[in-house]
Amino acid sequence: MRNEKEKLRSANVTIGECQDKIRCLTQQRDYARTHQKIVEIPVEKPVPYEKCEACDRTAYQNEKAKYETQKERLAGQYKAKTVMFQKTLFLLAWYSLTTTLFQAVQSDVFLSDCKSFFHDAASFIQTFIGWTIEVGQSVAQISTKIPNPFIAGMVYWILLILIVGICVAGTGILAILIEIKVIELYREKCWDVITLLMILTSAAVIIYFGEAIKKALSVNLLLLFVLLQGAYVGLRCYLESYLEKRNY
């Protein structure tokens, strides 16, 4: 019983001490709540970088100057090489063209076919104009129904000139428009080194091997050259349109 009483007394003392501590802490809390004050504490905050105009940028300026100098030097070298390539290509084309033309002048077969080609073209134009005049005369016969001979003659010549002029002018304008369209298409799709090589190669083959070609094919050599160029342009345009559709 004595031991139990001692333990109870010790426990009561401990409880009293804890209550005293709780009381002191409560008083400190209440005092802190009633006696607060605002204190400003400096805090570091990141801000955007502001370029300083007065700083030393010598290294940057030197590197930029070196870059610009190197760029201009490389551009000059590229331009010089491009000019040299164009001059070389022009000289080669001029040499090939002149030698081919000289050989064409010496080729009796090719000269004969050229004369035949232009003679046939002139004959076709003459035939077309004669046919146009015949059509105009046939239409102008309407003027014979006019009883007044003077008026009938005027109407005859007016109708004849009008019909012949319309036919000839219309055909000429149509031919010019077709030629302009072909030239534009040729420049847009085919004006490059490959086309130049094609023209020179085909011309050289036709001129140098004209006699053998005439023996194998009874065709005008100049007409064959024109047909080859037309086939080449058509095939080139078809391939380019096909590749564009395929997104190549």
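Chemist: So what exactly am I meant to see when it comes to the nonpolar core here?
Modeler: Nonpolar side chains in soluble globular proteins generally cluster together in the buried interior. Of all hydrophobic cores here, the largest spans nine residues; its members are Ala104, Phe110, Cys114, Ile206, Ile207, Ile213, Leu221, Leu222 and Leu224. Secondary-structure elements contributing two or more residues to this core are helix H3 (108-140), helix H5 (193-208) and helix H7 (221-245). In terms of residue count, the dominant contributor to this core is H7 (three residues). Ranked by size, the runner-up nonpolar core spans five residues in total, among them Tyr186, Cys190, Tyr232 and Val233.

Chemist: Where do I start with the pattern of salt bridges in this structure?
Modeler: Pairing between side chains of opposite charge can happen when the charged atoms of each approach one another. Within the structure shown, the criterion is met by four salt bridges. For Glu6, the salt bridge is made with Arg9, and the minimal N-O distance between the two is 2.9 Å. Taken together, the residues span about one helical turn, with Glu6 and Arg9 both in helix H1 (residues 2-34) at a distance of three residues. On the accessibility criterion, Arg9 (45% relative accessible area) is partly exposed. The residue Asp20 makes a salt bridge to Arg23 at a minimum N-O spacing of 2.6 Å. Here Asp20 pairs with Arg23, and both are found in helix H1, just three residues apart, close to one helical turn. Arg23 gets classed as partly exposed once you look at its relative accessible area, which sits at 43%.

Calculation notes
Going along each chain's sequence as written, the residues are numbered from 1 onward. In keeping with the model being predicted, local features are shown solely for residues with a pLDDT of at least 70 and side-chain atom pairs are shown and tallied solely at 80 or more, while totals for entire chains, interfaces and linings include all residues. Values shown for side chains rest on all heavy atoms present in the structure; no hydrogens or waters enter the calculation. Nine residue types can take part in a nonpolar core, namely buried Ala, Val, Leu, Ile, Met, Phe, Trp, Tyr and Cys, and a core is a set of them joined through side-chain atoms within 4.5 Å. Partly exposed describes any residue whose relative accessible area lies between the buried limit of under 20% and the exposed limit of over 50%, with all areas from a 1.4 Å probe on protein chains only and scaled to the type maximum. Starting at the N terminus, helices and strands are each numbered in turn, a helix being any DSSP run of H or I of at least four residues and a strand any DSSP run of E of at least two. Any carboxyl oxygen of Asp or Glu that lies within 4 Å of a side-chain nitrogen of Lys or Arg is treated as forming a salt bridge with it.

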